[in-house]
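One-letter residues, chain by chain:
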Amino acid sequence: MATLDSKIPSGPLADKWRKHKVDIKLVNPANKRKYEVIVVGAGLAGASAASSLADLGYKVKCFVFHDSPRRAHSIAAQGGINAAKNYQNDGDSVYRLFYDTIKGGDYRAREANVHRLAEVSVNIIDQCVAQGVPFAREYGGLLANRSFGGAQVSRTFYARGQTGQQLLLGAYSALSRTIGAGLVEMHTQSEMLDLVTVDGHAKGIIVRDLVTGKIERHSADAVVLATGGYGNVFNLATYARGSNATAIWRAYKRGACFANPCYTQIHPTCIPVSGDYQSKLTLMSESLRNDGRIWVPKKKEDRLKAPDSIPEEDRDYYLERMYPAFGNLCPRDIASRAAKRVCDEGRGVGASGLGVYLDFSEVIKRLGENTVRERYGNLFDIYHEITAESAYQVPMRIFPAMHYTMGGLWVDYNLMSNVPGLFVLGEANFSDHGANRLGASALMQGLGDGYFVIPYTIGDYLASQKPGSRPKPDTAAFTAAEQSVGAMTKRLLDNKGKQPVSHFHKRLGKIMWEHCGMARTKGGLEQALQKIPALREEFWANVLVPGSADTLNQSLEQAGRVADFIELGELMCRDALTREESCGGHFREEHQYPDGECKRDDEKFGHVAAWEYQGADKTPLRNVEPLNYEFVKMSVRNYK
Amino acid sequence: MNLVGYLFCSSIGRKIIMAVTGLILIGFVAGHLVGNLQIFQEPDHINGYGQFLHSLGALLWVARLVIIASVVLHIWAATALTLENKKARGTDYGFKHTIQATLASRAMRWTGYIVLAFLLYHLAHFTVGLAQTGTFKENLPHYTMGSDYRVAGFVAVKAGTPEVLDVYNMVVLGFQNPIVSLFYIIAVGLLSVHLLHGIDSLFQTLGLRNAKWSAGLHKIAVVLCLVYFLGNLAIPGAVLAGKLQPRAASVAAAHAK
Amino acid sequence: MVAENTTKNLSITLRVWRQAGPNQPGKFVDYQSKDLNPNMSFLEMLDVVNDELTLKGEEPIAFAHDCREGICGTCSCTINGKAHGPGKGIATCQVYMRAFRDGDVITVEPFRATAFPIVKDLITDRSAFDKIQQAGGFITARTGSAPDANALPVPKPDADLAMDAAACIGCGACVAACKNASAMLFVAAKVSHLGLLPQGQAERDQRVLAMVSTMDALGFGNCTNQYECSAACPKLITHDFIARMNRDYLGATLRSAFKPAPLGTGGGAG
């Protein structure tokens, strides 16, 4: 049984972080260079952590599977980054950002962590501007803001539709500076395949050089994982194709608890799947719902007809019908589930039947095509590029898609997992978004963790480790880990089955989408818990991985990742089945209010579920960290 | 690195050398053309002009050295950059495709080669007298100025000055050979094409070009190159068309010799 | 009306550069691919071909890809001689099969440049770009040292222009498209992005000199002002930034020649 001590500092909410920074131990400047820290991942969290730790004086080694530390999927975030700057004079404050985030997360996040996030949000913007991030500005030269879902103030900073890119390039420039100065040793195209623990402490990793196939051992005084989310369990997602859960999953298998794996976020406005070959789902900005009307035909037999041939009275504007007050602007999860419902009824449009219309004909008639072009021109262009359809002439077809995972490795207030010396940042941890993440908060968390939390909290751990005490990479624990990695590689390559890796990934994705997607049921999850282990067995019996281990081998890389996804998918379903309530992105059909809103059970489930690995073929152990809400009252989320 | 290092060893530095020497050479060819167009006036003009340039003595050599240095540097930079460029590609594409590069820009190296060959011939022809020696100015009867030749209002060569080289007849007699004229016309045509990209390019290299006026710049370059070509075409053209005739007396004198 | 019904499926011949490793000989190999949905992306077509190769017991074609939405800069194929293939302002991952016709022969090669050595098949090593960034593509601002974000106003036109330059995804198409394999557009974009902002002024001269000299040392070619780079750029970054960098470089060179050297750079006596 793992000990889950959240180490939340005592005292008033607003003073916790300040007090904690005074209380935690420091490493003196002369000693810092004696400590080595491994950072895995160079997205917002990883790059900001690596450069900040290097600037402090620690010796840092950074590992990414990409060919450059500028490629992580943080780069694809469009909307913006929240910060409680109150530059708009509209009543924003650290407390309000904290409260919005807690409420948005459906009261399943830790108060203290979220408040700290809101506090450091202001420093993030300062830091990014100093690095040269070209945020949007007003004519006077000061920073511009826009509003975003789930907030009544305008606190989102943005750089056109490429905020994630610009923030990542800012962090990458800081990382580049420290690499150039010799403070960070960068390892690109190096995939972490195992965590090495010595006496229960994380002291190193095993990586595969993806170009030469060489397995390498790296020891350190602490290991930081910033490897992103696990949404690719669903195969089709808005994630990058290479995004994977291997680092956190292998850490889980070495003892780190996996918290709330069932908390996943579905985005309602994505371009639907067009065929079985599909590899990726593309997000269309939610802002389209401001002017577009969502509908499906009333009659099943109309679903393949040309939309303009369906008369008004045969159309079902279902969001306007079901939620007259909010209509097409109802929250993400509600809009997503409603789309699923009408498609389940057989009224979905497009060849696949998995799509609904987002129709601009009315607004074009009302305001003219030019106005619509000014507002949404670039989005219409993206849509046209992908589908070859003009949304000025025919309604867009959209469908929800997997977008973000709120769950992740369990961490305490210091962002350290239950394995001492193993720190987890950004989307890879579970700590700040509860059961649902608000728009423009992911970037904030990644950078907050990397720039302003880990530089302080890692010292508290390192100060307890004797300088120079890190194990040599030739010790038994490293040898054992390397052997287990080698054995898995060999097993995959020697298998010589009959199906390529993609075959299993697609099937896993379908099971997950069907049973652990937007709406989950006890029966469905139980079925998934039958299907996934069977799929796992079939994978190991029948997967075909071509090529060899001693060269660049993309099939081998993908095979390892999919093997992990299958196991993680099972854990997600197990978590979803156990959590007998609905909250945020986790919607159990059995637990809902008549209007379709999530029905939480704070009494029984006002806690974090942190799963602990017990060995292959053994049911993992469900540990619980109670969520003690000292300052906010848990209430029913209400956006009406 | 110091200034010389930055200019001579870096890619942009050598590009700047290309641009500055190119600019000097554009200035030279433009001035040269304007001087040469005096052939359409009385022989006193072009012959006086030649006499005036010679009278500059050391100054003429300074100018010549600047031009020679420019040519040498221009060619050196081009060669160095080209060799690096070849190396930088390595294996070439199996399927070649150009999106928008202009023909002039793609032909720079070839137009450059031909212009260089022409330059050498042109010097041999009109400056050193190694080609068509029969009509080289030194071998023609000397000319006596009929009127004053003025530069900026001041008298540079007085009327009645004897022993002036007869540039007028050298040019006219030289261009009466159609092959020479044709080569000359083709060469200045290619030089104009070379300048077309060169002018555009030097503004880019010196950082004086952007989208706001690049279209205008391009038009200016086209007009300049066209004027340059037509101006140069006019001289051999007029000779071939019989509009410019050698002055009978001189021709007679040359033949008598 | 609905996309998947608009056009017929197509069959193509794929002529792909296969190369087992960095110093191995490479050659074009033809593959037939049939019955492709025109709404399939080019990379999805490669996925399908690879699965077929896998099932046939052959080694799949290695190609670089990640986000598949045109922002990460990983994908890098030269398709029919054009970096990132047909279409303007898009990356390889945004090419769809409908851009081709039934029966087409499609030649796919890696980005070719000495500074981007081939790793395998269509994958090249573009770490040279990282090295250029490490030489000066940053503003030195240690974490925690920043003043308030609004302490320094930035004129909106400058911020917008800086954003135009900063949109670079670091894919290397400019190098691939340039007949000289020059990295000028990439370097110019970064130099201009930081040089346009007031925050970037302190290191402006040093940045352009260091980045250009690193670019040269890595074996990229030189710019001959043909602007193939900006035409092939998936973000359509303008070559005006190259002119800007040239100007910066000239200015920095002249200033460095006439600037007196400070006596010492050490800290206080403390």
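Remember, predicted model here, so these are calculated numbers, not experimental data.

Taken as a whole and assessed by the stated rule, the structure comprises 39 aromatic pairs over all chains. Between the aromatic rings of A:Y252 and A:Y613, the centroid separation amounts to 5.5 Å while the plane-to-plane angle is 65 degrees, which identifies the pairing as edge-to-face. Here A:Y613 lies in the loop between β18 (607–612) and β19 (621–626) and A:Y252 lies in helix α7 (residues 246–253), a separation of 361 residues in the sequence. Relative accessible area serves as the criterion here: at 2%, A:Y252 is assigned to the buried category. What links up through ring pairs into an aromatic cluster is the set B:F118, B:Y121, B:F126, B:F175, B:F183 and B:Y184.

Within a sheet, neighbouring strands are paired by backbone hydrogen bonds and run either parallel or antiparallel to one another. Residues and elements named next belong to chain A. As summarised here, the arrangement of the five strands in space is β5-β2-β1-β9-β17, forming an open sheet in which the pairing is parallel. Edge positions in the sheet fall to β5 (184–187) and β17 (422–424), since each has one partner strand and no second. Strand-to-strand, the axes of this sheet are offset by a mean angle of 20 degrees, without reference to chain direction. Pairing of strand β1 (residues 36–40) with strand β9 (residues 222–225), which is carried by four bridges, proceeds in the parallel orientation. By the bridge assignment, V37 is partnered in β9 with A222.

Taken together, the 38 residues of chain B in the interface contact 50 residues of chain C. Surface buried jointly by chain B and chain C totals about 3600 Å² across both partners, of which 53% is contributed by carbon and sulfur atoms. The largest share of the area that chain B buries against chain C comes from B:I12, B:R89 and B:Y93, three residues that together contribute 19% of it. Summed over the shared surface of chain B and chain C, the result is zero salt bridges. In this assembly, chain B and chain C are joined by 31 residue pairs in polar contact (both at pLDDT 80 or more). A per-element tally of the side of chain B that touches chain C places helix α4 (residues 58–89) of chain B first, with six residues. Looking at the side of chain B that touches chain C residue by residue, the classes come out as 13 nonpolar, 17 polar and eight charged.

Residue and element names in this part refer to chain A. Mapped onto the fold, A202 is located in strand β7 (residues 201–209). As for A202 and F423, which are separated by 221 residues in sequence, their C-alpha atoms are 9.0 Å apart. Setting aside anything within four residues of it in sequence, one finds A202 in contact with L195, V196, T197, D221, A222, V223, V419, P420, G421 and L422.

The next point concerns the arrangement of the chains. Contacts are most numerous between chains A and C, considering all two pairs of chains that are in contact. Of all C-alpha pairs spanning chain A and chain B, none lies closer than 19 Å, and the two are not in contact.

This paragraph deals with the domain arrangement of chain A. All names here are of chain A. Split into domains, chain A comes out as domain 1 (268–402) and domain 2 (475–607). If you average the C-alpha positions of domain 1 and of domain 2, the two centres end up 30 Å apart. Taken together, the twelve residues of domain 1 in the interface contact eleven residues of domain 2. Taken together, both faces of the contact between domain 1 and domain 2 bury some 940 Å²; the carbon and sulfur share is 57%. Considering only the surface of domain 1 that becomes buried against domain 2, D276, R337 and K340 emerge as the three largest contributors, covering 52% of it. In this assembly, domain 1 and domain 2 are joined by one salt bridge. Put simply, K510 and D276 hold a salt bridge, and the shortest N to O gap is 3.5 Å. Where domain 1 meets domain 2, there are two residue pairs in polar contact (both at pLDDT 80 or more). Every element with two or more residues in the side of domain 1 that touches domain 2 is listed here: α9 (332–344) and β15 (396–405).

This paragraph deals with α7(A). Among the eight residues that make up α7(A), seven are buried, leaving the element largely enclosed by the rest of the structure. Positive backbone phi, at 115 degrees, marks A:G255, one or two positions downstream of α7(A).

Time to look at the side chain of A:D209. Residues and elements named next belong to chain A. Locating D209 in the fold gives a position in strand β7. As a buried residue without a salt bridge, D209 has its nearest oppositely charged side chain in K214, at a separation of 7.2 Å. Only 2.8 Å separates the side chain of D209 from the backbone nitrogen of V211, close enough to count as a polar contact. The residues touching D209, leaving out its near neighbours within four places in the chain, are Q189, K214 and E216.

As a further point, take the pairing of strand β2 (residues 59–63) of chain A. Residues and elements named next belong to chain A. Counting buried residues in β2 gives four out of five residues, a clear majority hidden from the surface. Relative to β2, β1 is paired through five bridges, and the arrangement is parallel. Each residue of the ladder has a partner; that of V39, found in β2, is C62. Assessed by its sense of winding, the connection that carries the chain from β1 through helix α3 (residues 44–56) to β2 is right-handed. Relative to β5, β2 is paired through four bridges, and the arrangement is parallel. Paired with V60 across the two strands is V184, which belongs to β5.

Within soluble globular proteins, side chains that are nonpolar generally end up buried alongside one another. Within the largest apolar cluster, 221 residues are counted, with the highest numbers of intra-cluster contacts made by A:I81, A:F135, A:L225, A:L422, A:I458 and C:F220. The dominant element in this core, judged by the number of residues it contributes, is helix α16 (residues 554–578) of chain A, at twelve residues. Residues contacting A:I458, with those up to four places away along its chain left out, are A:V37, A:L53, A:Y58, A:A222, A:V224 and A:F423. Core analysis: the next-biggest nonpolar cluster, separate from the first, contains 32 residues, A:I271, A:A339, A:L358 and A:V372 among them.

Attention now moves to the pattern of salt bridges. Residues and elements named next belong to chain A. For the coordinates displayed, the defined rule picks out 64 salt bridges over all chains. Across the salt bridge formed by R561 and E191, the nearest N and O atoms sit 2.9 Å from each other. Residue R561 is found in helix α16, and its partner E191 is found in strand β6 (residues 190–198); the two are separated by 370 residues along the sequence. Taking the shortest distance from any N to any O, the salt bridge between E570 and R574 comes out at 3.2 Å. Taken together, the residues span about one helical turn, with E570 and R574 both in helix α16 at a distance of four residues. Residue E570 is classed as buried on the basis of its relative accessible area of 12%. Three or more residues are tied together by salt bridges with common partners; here these are D106, R108, R579, E581, R600 and D602.

Conventions and cut-offs
Residues numbered from 1 in each chain as written. Chains lettered and ligands numbered in written order. Predicted model: local features only at pLDDT ≥ 70, side-chain atom pairs only at ≥ 80, totals over all residues. Heavy atoms only, no water. Phe/Tyr/Trp six-rings, centres within 6.5 Å; stacked < 30°, edge-to-face > 60°. Helix = DSSP H or I, 4+ residues; strand = E, 2+ residues; numbered from the N terminus. Buried < 20%, exposed > 50% of the residue type's maximum accessible area, 1.4 Å probe, protein only. Pairing = 2+ DSSP bridges. Axes fitted to C-alpha atoms, helices over the stretch in contact; angles between N-to-C directions. Contact = heavy atoms within 4.5 Å. Buried area = accessible area lost by both parts, 1.4 Å probe. Salt bridge = Lys/Arg side-chain N within 4 Å of Asp/Glu carboxyl O. Polar contact = N/O pair within 3.5 Å; in protein donor to acceptor, adjacent residues only side chain to side chain. Nonpolar A, V, L, I, M, F, W, Y, C, P; charged D, E, K, R; others polar. Domains from an automatic or database assignment. Lys, Arg positive; Asp, Glu negative; His and termini not counted. Right-handed = clockwise from strand over helix to strand, strands pointing away. Core = buried A, V, L, I, M, F, W, Y, C linked by side-chain atoms within 4.5 Å.

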